[in-house]
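Residue-level structure breakdown
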Amino acid sequence: GPSAQSRHGPAPHKDGGRRRRRRSARYKDGGPGGRDRKCSLAVAPVCGRRENARGGAGPGMKLSRAALGLVLLAPLAVRAVEPISLGLALAGVLTGYISYPRLYCLFAECCSQKQSLSRDALQKDLDSKLFGQHLAKKVILNAVSGFISNPKPKKPLTLSLHGWTGTGKNFVSKIIAENIYEGGLNSDYVHLFVATLHFPHVSNITLYKARAKFRDPSWMMLGLGFLCWGTGFGNSDQLQSWIRGNVSACARSIFIFDEMDKMHAGLIDAIKPYLDYYDNLDGVSYQKAIFVFLSNAGAERITDVALDFWRSGKQREEIKLRDMEHALSVSAFNNKNSGFWHSSLIDRNLIDYFVPFLPLEYKHLKMCIRVEMQSRGYEVDEDIVSRVAEEMTFFPKEERVFSDKGCKTVFTKLDYYYDD
């Protein structure tokens, strides 16, 4: 598979499309794909993919196999048991299977399966897969592990990740998801929204922001088949109702909003009540949910700070969060091309952390290339590592300090040298 660093960002999935997505609202790395392009968010639980993140059977397939096993065993028992008794026995087994949580969770993903997060495992993932981002590593590790270990948080955890494409924002959201749910981004409880895909039309902003017609979250889970032909939000399938329905199903839901800089200004304020300090809204508590926003907004400011440190001879590791966190929030708030433009989320201090992702240097690209080689089963060839890194483009034009695409295109460059 592709390397850790090379798979982040809102680029299409790098595995050739072999893995199908669980639902249209959760595309890997922001790329639409597979049959789920026709599934609206309202029916995603029904129209979603049938395989888990490891390529094995997903919840729906596992349930089918369990039922099939009982059916196949039935003829063997028919000779010893009369048909009526056998039918009642099978019905009892199936009823018990569905109603007994522990037994059900052996065959399907359950929200309560993983109650805690290993701080050591999260740190190991960040250290071995994310390069050149000392600020992001520290903030993500402390914020996520601290939030998960808190049995009674006062509000949802809200992270806003900022930086140029290819610096690791999407990859970090993937690491967070994988450390909380085994299925990672493919989990039933992790939901990815891509601004250009799910909120494409300016004329529909009122519709996107509207409250749901149906207050009962069970409507969301029924998955009315005729809605399966949409690609965005329908009349009964707005952003608010989708979030409410999923948090009702699992309090520890994760929502990832990609391409925030392309989202229409003010749209994100529709979910402001869910990020605030409320015990519950209409009987639903959002305090254990996690919201992650990914954006290029503020990347110029991040680059300016990193470049100033480099020109003054300082190490990038000397950059502190306080050097740019305030500037990031101001930049996002005042940027008319940002989904946070004059947003009440910033004005009301509802975003817990503004996390800067620094532009990557030549040495970081070489780290990405080595990991990609290892992931493909190749022995690391330093000559090829250097040649691939030198083919990348850098800025500013005179100094050529930072990669303008990060590690995003490393894997395609490497294909040239290992073309079978």
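Scroll up for the structure.
A brief look at the structure comes next. These figures come from a predicted structure and were not determined experimentally.

Section: the overall build of the protein chain
Across its full length, the protein chain carries 18 helices and seven strands. Out of the 420 residues belonging to the protein chain, those deemed buried represent 50%. For the protein chain, the share of sequence-separated contacts (at least 6 apart) that also reach a separation of at least 24 residues comes to 72%. Looking at the protein chain as shown, the accessible area adds up to about 19,700 Å², and 54% of this sits on carbon and sulfur atoms.

Quick word on the packing of aromatic side chains
Tallied over the full model, the rule gives nine aromatic pairs. Ring geometry for Tyr-181 against Tyr-189: centres 5.5 Å apart, planes inclined by 45 degrees, an arrangement best described as tilted. In this pair, the class of Tyr-181 matches that of Tyr-189, namely buried. An angle of 10 degrees between the planes, with centres 4.0 Å apart, marks the rings of Tyr-378 and Tyr-418 as stacked.

Structural notes on the environment of Ile-180
In this structure, Ile-180 sits in helix H7 (residues 169–180). With relative accessibility at 5%, the residue Ile-180 sits in the buried group. When the C-alpha atoms of Ile-180 and Leu-122 are compared, they prove to be 9.4 Å apart, with 58 residues separating the residues in sequence.

Some remarks on the nonpolar core
Nonpolar side chains tend toward joint burial in soluble globular proteins. Of all hydrophobic cores here, the largest spans 40 residues; its most connected members are Ile-243, Phe-257, Ile-268, Ile-271, Phe-291, Phe-293 and Phe-340. Of all the elements in the fold, those that place two or more residues in this core are helix H11 (239–249), strand E3 (254–258), helix H12 (272–275), strand E4 (290–295), helix H13 (299–311), helix H14 (325–334) and helix H15 (344–347). It is H13 that provides the largest number of residues to this core, a total of five residues. Residues within four places of Ile-243 in sequence aside, it is in contact with Phe-255, Phe-257, Ile-271, Tyr-274, Tyr-286 and Phe-291. Among the nonpolar cores identified, the runner-up in size contains 35 residues, and Ala-136, Val-139, Val-144 and Leu-192 belong to it.

Observations regarding the state of the cysteines
The final tally for this structure, using the stated rule, is two disulfides. The partner cysteine of Cys-111 in its disulfide is Cys-250, sulfur to sulfur 1.9 Å. On the sign convention where negative is left-handed, the bridge of Cys-111 and Cys-250, at about 65 degrees about the S-S bond, is right-handed. Here Cys-111 is found in the loop between helix H4 (101–104) and helix H5 (119–129), whereas its partner Cys-250 is found in the loop between H11 and E3, with 139 residues between them in sequence. Residue class for Cys-250 comes out buried when judged on its relative accessible area of 1%. Note on cysteine connectivity: Cys-368 is disulfide-linked to Cys-407, with sulfurs 1.9 Å apart. Disulfide Cys-368-Cys-407: the torsion about the S-S bond is 80 degrees, which places it as right-handed. With Cys-368 in helix H16 (residues 362–375) and Cys-407 in the loop between strand E7 (402–403) and helix H18 (410–417), this residue pair connects regions lying 39 residues apart in the sequence.

Remarks on the packing of H16 against helix H17 (residues 382–391)
If you want to describe how two helices pack, look at the angle between their axes and the distance between the axes. At a minimum axis distance of 9 Å, the contact between H16 and H17 shows a crossing angle of 125 degrees. Relative to H17, H16 is oriented oblique. Handedness of the crossing formed by H16 with H17: right-handed. Contact residues: H16 offers Tyr-362, Leu-365, Lys-366, Ile-369, Arg-370 and Met-373, while H17 offers Glu-382, Ile-384, Val-385, Ser-386, Val-388, Ala-389 and Glu-390. Tallied by class, the residues present in the contact of H16 with H17 amount to eight nonpolar, one polar and four charged.

Focus: the side chain of Ser-403
Tracing the backbone shows Ser-403 in strand E7. Of the residues examined, Ser-403 reaches a relative accessible area of 5% and is grouped as buried. What Ser-403 contacts, discounting residues up to four positions off in sequence, is Leu-360, Leu-365, Met-392, Thr-393, Phe-394 and Phe-395.

Observations regarding the pairing of E3
Here E3 lies mainly inside the structure; five of its five residues are buried. Across five bridges, the pairing between strand E2 (residues 190–194) and E3 is parallel. Paired with Leu-192 across the two strands is Ile-256, which belongs to E3. For E3 and E4, the ladder comprises four bridges, and the chain directions are parallel.

Each value, and the rule that gives it
- Residues numbered from 1 in each chain as written.
- Predicted model: local features only at pLDDT ≥ 70, side-chain atom pairs only at ≥ 80, totals over all residues.
- Heavy atoms only, no water.
- Helix = DSSP H or I, 4+ residues; strand = E, 2+ residues; numbered from the N terminus.
- Buried < 20%, exposed > 50% of the residue type's maximum accessible area, 1.4 Å probe, protein only.
- Contact = heavy atoms within 4.5 Å.
- Areas by Shrake-Rupley, 256 points an atom, 1.4 Å probe, with all protein chains shown as cover.
- Phe/Tyr/Trp six-rings, centres within 6.5 Å; stacked < 30°, edge-to-face > 60°.
- Core = buried A, V, L, I, M, F, W, Y, C linked by side-chain atoms within 4.5 Å.
- Disulfide = S-S within 2.5 Å.
- Axes fitted to C-alpha atoms, helices over the stretch in contact; angles between N-to-C directions.
- Parallel < 35°, antiparallel > 145°, perpendicular 65-115°, else oblique.
- Left-handed = near helix turned anticlockwise from the far one by under 90°.
- Nonpolar A, V, L, I, M, F, W, Y, C, P; charged D, E, K, R; others polar.
- Pairing = 2+ DSSP bridges.

Interpretation note: all reported values are geometric properties and have no functional meaning in isolation.
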